[in-house]
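# Results of the structural survey
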2 protein chains.
Amino acid sequence: MAVTMNDVARLAGVSLKTVSNVLNDYEFIRPATKQKVLDAIDELGYEANLTARSLRSGKSRMLGLVLSDLSAPYYAELASRLMSVASARGYRVLVEQSAALEENELSALHGPFRQLTDGLLFTPLRLDPDTVAGRRGSKPLVMLGEHIQDPRFDTVTMKNVRAAQAMTAHLLAGGRRRIAVIGASAGDSTGSPGLRLTGYRRALDEAGVGFEPALIVPSEWRRDAGASVVEALLDRAVPFDAVFGLNDALALGAMHELLIRGVKVPQDVAVAGFDDIDEARFASPSLTTVAPGMQEIAERSVGLLIDRIEGKEKSDEGVHVEAGFELRIRSSAP
Amino acid sequence: MAVTMNDVARLAGVSLKTVSNVLNDYEFIRPATKQKVLDAIDELGYEANLTARSLRSGKSRMLGLVLSDLSAPYYAELASRLMSVASARGYRVLVEQSAALEENELSALHGPFRQLTDGLLFTPLRLDPDTVAGRRGSKPLVMLGEHIQDPRFDTVTMKNVRAAQAMTAHLLAGGRRRIAVIGASAGDSTGSPGLRLTGYRRALDEAGVGFEPALIVPSEWRRDAGASVVEALLDRAVPFDAVFGLNDALALGAMHELLIRGVKVPQDVAVAGFDDIDEARFASPSLTTVAPGMQEIAERSVGLLIDRIEGKEKSDEGVHVEAGFELRIRSSAP
DNA sequence: CTGAAAGCGCTTACAG
DNA sequence: CTGAAAGCGCTTACAG
């Protein structure tokens, strides 16, 4: 059997409560008593049982993280940083993949996953705000991303509109006039696709360039899907002189297909992405993209969630954080 | 307060034990009784408290996964699959990043992380076998990878030597004679670098090509490190006509640097990698690499670990699984 | 088949 | 500053 607090108390010749006091850094404790307890802990190799602590205190010091697919590079890099930040504050992160399925998002929101964790970092792709509001339970919840924009929720997001606008302006400044957008539908106005498309349209308006729906192509945000879309565009003979992929994975897939088809990047077609995943820097040609302040997103979201859990953030309304961004101009769209 | 089993028992008019029996699928239970309990559960929206269950039963239905860095693409893809496989068997995965630091590996092996989980999928990069054997505790442990090769441990690994040999033979068959290996030191013979280097040497021997230590360059297995190594090689004017990167990330970084320096791939220098991450297919040129049976590794390792946890695998000795591999011949080394 | 009781290992009022 | 006791919500022998 494992060593318990009782064993420690017995060896140190004190009560259970005193051991608990030492473990929880209670301050009014005689140094000699504390030392006896510490010695006993050391001698027995005692380690607190986190499950028991969790049952009694109602806190697990675990954060939940729900995202669609951990193997998508943006999520992998984000999850890695979230875990590091959480770890520095004494929390672990339990990840759940939703596969972008509504039922999985729902069960992550109010199922057993939820009671295992003290708070949730939630990246829904399907659920609507009212459903989330209805099922959110009483534990803290921080929304990551922009699928749900609702003042009721704490949210950490990025400057999607302005970043996409800046990137489009950059492409226009380079003389591109027929910029295909991959990863959104022409009618989108909400969520990451819609916001980024809005930024694109604003830049077009500012430059006096007409919006052409045929250049807006929906796609999953994956490499293979980006490649397929370019294939279709080329086969349909829609002329375009730039591709703005709404995330890097998709942009890299698109670029791959262009190069295979003998289209020169950036000479014939410039390519830009969004996310600045590590892969973007090392692609050939290296990918021009938007760096959305991932470290800032990680720090602010974990910080906000833990502050809610620990009662340090008490605002009645949702707290809204928008991380900064930078354009990374590289060879694919100089 | 949350709904408890007591509330369910009261509403259903049965004892606690009966509710527990229903929840745990005990078979000898009157259908009518069972229905009453099920109705009460439904009416109250009862959900079992996993922490309490875990404290009492000693099982958390969580698997630990320790790896150096979740943002490395191979680990991200592997973790994603491990989580899916575990989920299908009713387990969650709690991930811990070690940053390839010995102290982190140690604390993951026998610290609080360990008691939270029923078993561990462990990818150590620093610890030696005796240390692991001494601190492994009593819970099941499955080693992933080849840093530790020791009959005492359950291990799931890949055919490193034969795969590297096959890839090297492929490069030799393409007429390459000066194949630089990036990611190992000339003296390595164990661990992933050592085993893959051994395969390389065997292929050289078989072809009667001499081994040249100057062509073996150590490097972290990351894109940026791969790029730096190529920079150094070119600056030192070491002639080479192929690069075998011991993982894909590094190979892709190396390829990027070659292309920037005006070296043609594959005409001047062929490039091959190891892992077949999704990125390899969409690189330009697409990367020739080894597909190490990642899905098989995920299924076998999770399966073995859960079988150990549930007592279905009782072998006294370590079970050893070696997943198959395939060469993926693409444009970077046709 | 079902019930009453003990106990997993902690934390937390409550006394003193 | 410290002790004795209760209780978090389950599961599991033990009776019946």
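Residues numbered from 1 in each chain as written. Chains lettered and ligands numbered in written order. Predicted model: local features only at pLDDT ≥ 70, side-chain atom pairs only at ≥ 80, totals over all residues. Heavy atoms only, no water.

On to the relation of the copies chain B and chain A, then. Take chain B, turn it by 180°, move it 0.0 Å along the axis, and it overlays chain A with an RMSD of 0.1 Å. Classification of the inter-copy transformation places it as that of a two-fold axis. Comparing interface residues between copies, 100% of those in chain B also sit at the interface in chain A, which points to an isologous, same-surface contact. (Least-squares fit on C-alpha atoms with pLDDT ≥ 70 in both. Contact = heavy atoms within 4.5 Å.)

Here we come to the side chain of Asp241 of chain A. Mapped onto the elements of the fold, Asp241 of chain A is located in the loop between α11 (223-235) and β8 (242-245). In contact with Asp241 of chain A, other than residues within four places in its own chain, are Gly175, Arg176, Arg177, Arg178, Ile179, Asp268, Val269 and Ala270 of chain A. (Helix = DSSP H or I, 4+ residues; strand = E, 2+ residues; numbered from the N terminus.)

This part covers the pairing of strand β1 (residues 62-67) of chain B. Residues and elements named next belong to chain B. Of all six residues making up β1, six are buried, and the element is well covered by its neighbours. As defined by bridge partners, β1 adjoins strand β2 (residues 92-97) across six bridges and the pair is classed as parallel. Residue pairing for β2: Gly64 is matched across the bridge by Leu94. The handedness of the β1 to β2 crossover, carried by helix α5 (residues 73-88), is right-handed. (Buried < 20%, exposed > 50% of the residue type's maximum accessible area, 1.4 Å probe, protein only. Pairing = 2+ DSSP bridges. Right-handed = clockwise from strand over helix to strand, strands pointing away.)

Let us now look at helix α1 (residues 5-12) of chain B. All names here are of chain B. Listed in full, the buried residues belonging to α1 are Val8, Ala9 and Ala12. All buried residues of α1 fall inside an arc of 100° around its axis, so they share one side. In this structure, the buried side of α1 is in contact with α2 (16-23) and α3 (31-44). Sitting at the head of α1, Thr4 places a side-chain oxygen 3.2 Å from the backbone nitrogen of Asn6. Downstream of α1 by a residue or two, Gly13 has a phi angle that is positive, lying close to 70°. (Arc of directions from axis to C-beta. Polar contact = N/O pair within 3.5 Å; in protein donor to acceptor, adjacent residues only side chain to side chain.)

Here we come to the domain arrangement of chain A. All names here are of chain A. For chain A, the assigned domains are domain 1 (5-48), domain 2 (60-157 + 294-324) and domain 3 (160-291). Inter-centroid distance (C-alpha atoms) of domain 2 to domain 3 is 28 Å. Contacts between the two partners involve nine residues from domain 2, matched on the other side by 14 residues from domain 3. Summed over both partners, the interface of domain 2 with domain 3 comes to about 750 Å²; 49% of that surface belongs to carbon and sulfur atoms. Among the residues domain 2 hides against domain 3, the three largest losses belong to Pro73, Tyr74 and Glu146. Together they make up 55% of the total. Where domain 2 meets domain 3, there are zero salt bridges. The interface formed by domain 2 and domain 3 contains three residue pairs in polar contact (both at pLDDT 80 or more). (Domains from an automatic or database assignment. Buried area = accessible area lost by both parts, 1.4 Å probe. Salt bridge = Lys/Arg side-chain N within 4 Å of Asp/Glu carboxyl O.)

Before going further, it helps to spend a moment on the sheet that holds strand β8 (residues 242-245) of chain B. If you trace the four strands from one edge of the open sheet to the other, you get β7-β6-β8-β9 (chain B), paired in parallel fashion. With one partner strand each, in any of the chains shown, β7 (216-217) and β9 (270-272) of chain B form the two edges of the open sheet.

Residue and element names in this part refer to chain A. Strand order across the open sheet formed by four strands is β7-β6-β8-β9, with parallel pairing between neighbours. Every other strand in the sheet has two partners, leaving β7 (216-217) and β9 (270-272) as the edge strands with one partner each. Contacting β6 (179-182), β8 and β9, helix α9 (residues 160-173) crosses the sheet at an angle of about 165° to β8. (Axes fitted to C-alpha atoms, helices over the stretch in contact; angles between N-to-C directions.)

Looking now at the protein's contact with DNA strand C. With respect to spatial proximity, 25 residues lie near DNA strand C, and among them Arg53 and Arg56 of chain A together with Ser15, Thr33 and Arg56 of chain B are the closest. For DNA strand C, the backbone makes up 65% of the atoms found within 4 Å of the protein, where backbone means sugar plus phosphate. Contacts to DNA strand C include Tyr46 of chain A, whose side-chain N or O atom sits 2.8 Å from a phosphate oxygen. Here Arg56 of chain A contributes a side-chain N or O atom positioned 2.9 Å from a base oxygen of DNA strand C. Looking at the surface near DNA strand C, the elements that each hand over two or more residues are α2 (16-23) and α4 (50-57) of chain A together with α2 and α4 (50-57) of chain B. Class assignment of the residues belonging to the surface near DNA strand C gives a composition of ten nonpolar, eight polar and seven charged. (Near = heavy atom within 4 Å. Nonpolar A, V, L, I, M, F, W, Y, C, P; charged D, E, K, R; others polar.)

Right, let's talk about the pattern of salt bridges for a bit. All names here are of chain A. A complete count under the given rule lists 40 salt bridges over all chains for this structure. The salt bridge involving Glu212 is made with Arg178; its shortest N-O contact spans 2.8 Å. Residue Glu212 is found in the loop between α10 (191-207) and β7, and its partner Arg178 is found in the loop between α9 and β6; the two are separated by 34 residues along the sequence. Taking relative accessible area as the criterion, Glu212 reaches 30% and is therefore assigned partly exposed. Relative accessible area serves as the criterion here: at 25%, Arg178 is assigned to the partly exposed category.

Of the residues lining the interface, 44 residues belong to chain B; the matching set on chain A comes to 44 residues. Carbon and sulfur atoms make up 60% of the area that chain B and chain A hide from each other, which totals about 3,600 Å². At the boundary of chain B and chain A, one finds four salt bridges. The tally of links between chain B and chain A comes to 18 residue pairs in polar contact (both at pLDDT 80 or more). Counting residues per element, the ones that place at least two in the side of chain B that touches chain A are α4, α5, β2, α7 (112-116), α11 (223-235), α12 (248-260) and α13 (278-282) of chain B. Class assignment of the residues belonging to the side of chain B that touches chain A gives a composition of 20 nonpolar, 14 polar and ten charged.

Attention now goes to the packing of aromatic side chains. Applying the stated criterion to the full structure yields four aromatic pairs over all chains. Taking NZ or CZ as reference, Arg196 of chain A lies 3.6 Å from the ring centre of Phe274 of chain A, over its face. (Phe/Tyr/Trp six-rings, centres within 6.5 Å; stacked < 30°, edge-to-face > 60°. Lys NZ or Arg CZ within 6 Å of the ring centre and 35° of its normal.)

Surrounding DNA strand D, one finds 24 residues, the nearest of these being Ser15, Thr33 and Arg56 of chain A together with Arg53 and Arg56 of chain B. Take the atoms of DNA strand D that sit within 4 Å of the protein: sugar and phosphate atoms are 65% of them. A distance of 3.0 Å separates a phosphate oxygen of DNA strand D from a polar backbone atom of Met5 of chain B. Between DNA strand D and Arg56 of chain B, the relevant distance is 2.8 Å, taken from a base oxygen to a side-chain nitrogen or oxygen of the residue. Where the surface near DNA strand D is concerned, the elements lending two or more residues are α2 and α4 of chain A together with α2 and α4 of chain B. Tallied by class, residues from the surface near DNA strand D come to nine nonpolar, eight polar and seven charged.

The next thing to look at is the environment of Val181 of chain B. Considering the arrangement of structural elements, one finds Val181 of chain B in strand β6 (residues 179-182). Residues Val181 of chain B and Thr157 of chain B, spaced 24 residues apart in sequence, show a C-alpha to C-alpha distance of 21 Å.

What follows is about unusual backbone geometry. Residue Val265 of chain A is joined to Pro266 of chain A through a cis peptide bond whose omega torsion reads 10°. Although it is not a glycine, Arg61 of chain B sits at a positive phi angle of roughly 55°. For Arg61 of chain B, the location among the structural elements is in the loop between α4 and β1. Judged by relative accessible area, which is 40%, Arg61 of chain B ranks as partly exposed. Even without being a glycine, Asp275 of chain B presents a positive backbone phi close to 135°. Checked against the element boundaries, Asp275 of chain B lands in the loop between β9 and α13.

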